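The primary structure of each chain is shown beneath.
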Amino acid sequence: MPHIPTQNKLTIYRYLFQEGVLVAPKDFKLAKHPQIESVSNLDVLSTLRSFKSKKFVTESFNWQYYYWVLTDEGIKYLSQYLQLPESVVPATLKKQNSSRPSSYSRQEEKRTGASGDFEPSYRGGDRRRGGLGRGGYRREGQTNTTN
């Protein structure tokens, strides 16, 4: 594991605790992490690999991206390490606002589906109009002989 400067560790720890989750591409040569621009992607990957071995995070890997989620042990460790009060919790544990967005309530009022004058029909099987049924076709000059 490469040596990670203390300032970079603190930046990663703060971001991880604040969000509760962290995502990083599997790119060891990337100069800057996409969300934490002051540290390299390698520093993030190395730090979170260590956290995974200590069971401070759970790791998922999909489509060349690592996804980490803080565990309860990780939350306890980081809150002690960063000397945070118990009232401060990651964003993943904060209670969501119970009021619905106004666009959601407007969507409930909207009527979904076809309009009242929509009358679907299948012309292919309508013998009154000379169709030959599903998948049928008519050659030029051919007449409909079915009644």
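Residues numbered from 1 in each chain as written. Predicted model: local features only at pLDDT ≥ 70, side-chain atom pairs only at ≥ 80, totals over all residues. Heavy atoms only, no water.

- The name an unreviewed UniProt entry gives the chain is Plectin/eS10 N-terminal domain-containing protein, with Dictyostelium purpureum as the organism.
- For the record of the chain, the UniProt heading Sequence similarities (unreviewed entry) holds the text "Belongs to the eukaryotic ribosomal protein eS10 family." (UniProt positions renumbered as here; feature names shortened; annotations may be inferred.)

1. Notes on the sheet that holds strand β1 (residues 21-25)
And step 1. Taken in spatial order, the 3 strands of this open sheet run β1-β3-β2, and their pairing is antiparallel. In this open sheet, the two edge strands, each paired with only one partner strand, are β1 and β2 (57-62). On average, adjacent strands in this sheet sit at an angle of 20° to one another, irrespective of strand direction.
And step 2. Here β2 runs beside strand β3 (residues 65-70); their pairing, made up of 6 bridges, is antiparallel. Residue V57 lies in a different strand from β3, and its bridge partner there is L70.
And step 3. On top of the sheet, helix α2 (residues 41-53) reaches β1, β2 and β3; it is set at about 130° to β1, its chief contact. (Pairing = 2+ DSSP bridges. Helix = DSSP H or I, 4+ residues; strand = E, 2+ residues; numbered from the N terminus. Axes fitted to C-alpha atoms, helices over the stretch in contact; angles between N-to-C directions. Contact = heavy atoms within 4.5 Å.)

2. Topic: the nonpolar core
And step 1. Grouped together as the largest cluster of nonpolar side chains are 21 residues, with contacts concentrated most on L16, L22, V44, L48, F51 and W68.
And step 2. Listing elements by their share of this core, those giving two or more residues are α1 (6-19), β1, α2, β3 and α3 (72-81).
And step 3. Ranked by residue count, the leading element in this core is α1, at 5 residues.
And step 4. Not counting residues up to four positions away in its chain, the partners in contact with W68 are G20, V21, L22, V23, A24, V44, L45, L48, V57, T58 and E59. (Core = buried A, V, L, I, M, F, W, Y, C linked by side-chain atoms within 4.5 Å. Buried < 20%, exposed > 50% of the residue type's maximum accessible area, 1.4 Å probe, protein only.)

3. Quick notes on the side chain of T47
And step 1. With respect to the helices and strands, T47 occurs in helix α2.
And step 2. Once residues within four sequence positions are removed from consideration, T47 is found in contact with I4, I12 and Y13.

4. With respect to α1
And step 1. Helix length check: α1 (14 residues) gives 20 Å between terminal C-alpha atoms against 20 Å at 1.5 Å per residue, within 8%.
And step 2. Buried within α1 we find N8, L10, I12, Y13, L16 and F17.
And step 3. Packing partners of the buried residues in α1 comprise β1, α2, β2, β3 and α3.
And step 4. Within two residues after α1, G20 carries a phi angle of roughly 85°, on the positive side. (Expected span 1.5 Å × (residues − 1).)

5. Overview of the environment of A91
And step 1. Along the chain, A91 turns up in the loop between α3 and α4 (102-109).
And step 2. Taking C-alpha positions, A91 is 5.9 Å from G20, a pair spaced 71 residues apart along the chain.

6. Looking at α2
And step 1. Taking 1.5 Å per residue, 13 residues should reach 18 Å; α2 reaches 19 Å between its end C-alpha atoms and fits that length.
And step 2. All of the buried residues along α2 are N41, D43, V44, L45, S46, T47, L48, S50 and F51.
And step 3. Contacts from the buried residues of α2 go to α1, β1, β2, β3 and α3.
And step 4. Residue K55 follows α2 closely and has a positive phi angle near 65°.

7. Examining the side chain of N41
And step 1. The topology assignment puts N41 in helix α2.
And step 2. Non-local contacts of N41, meaning those with residues more than four positions away in its chain, are made with A24, P25, D27, L30, A31, K32, H33 and P34.

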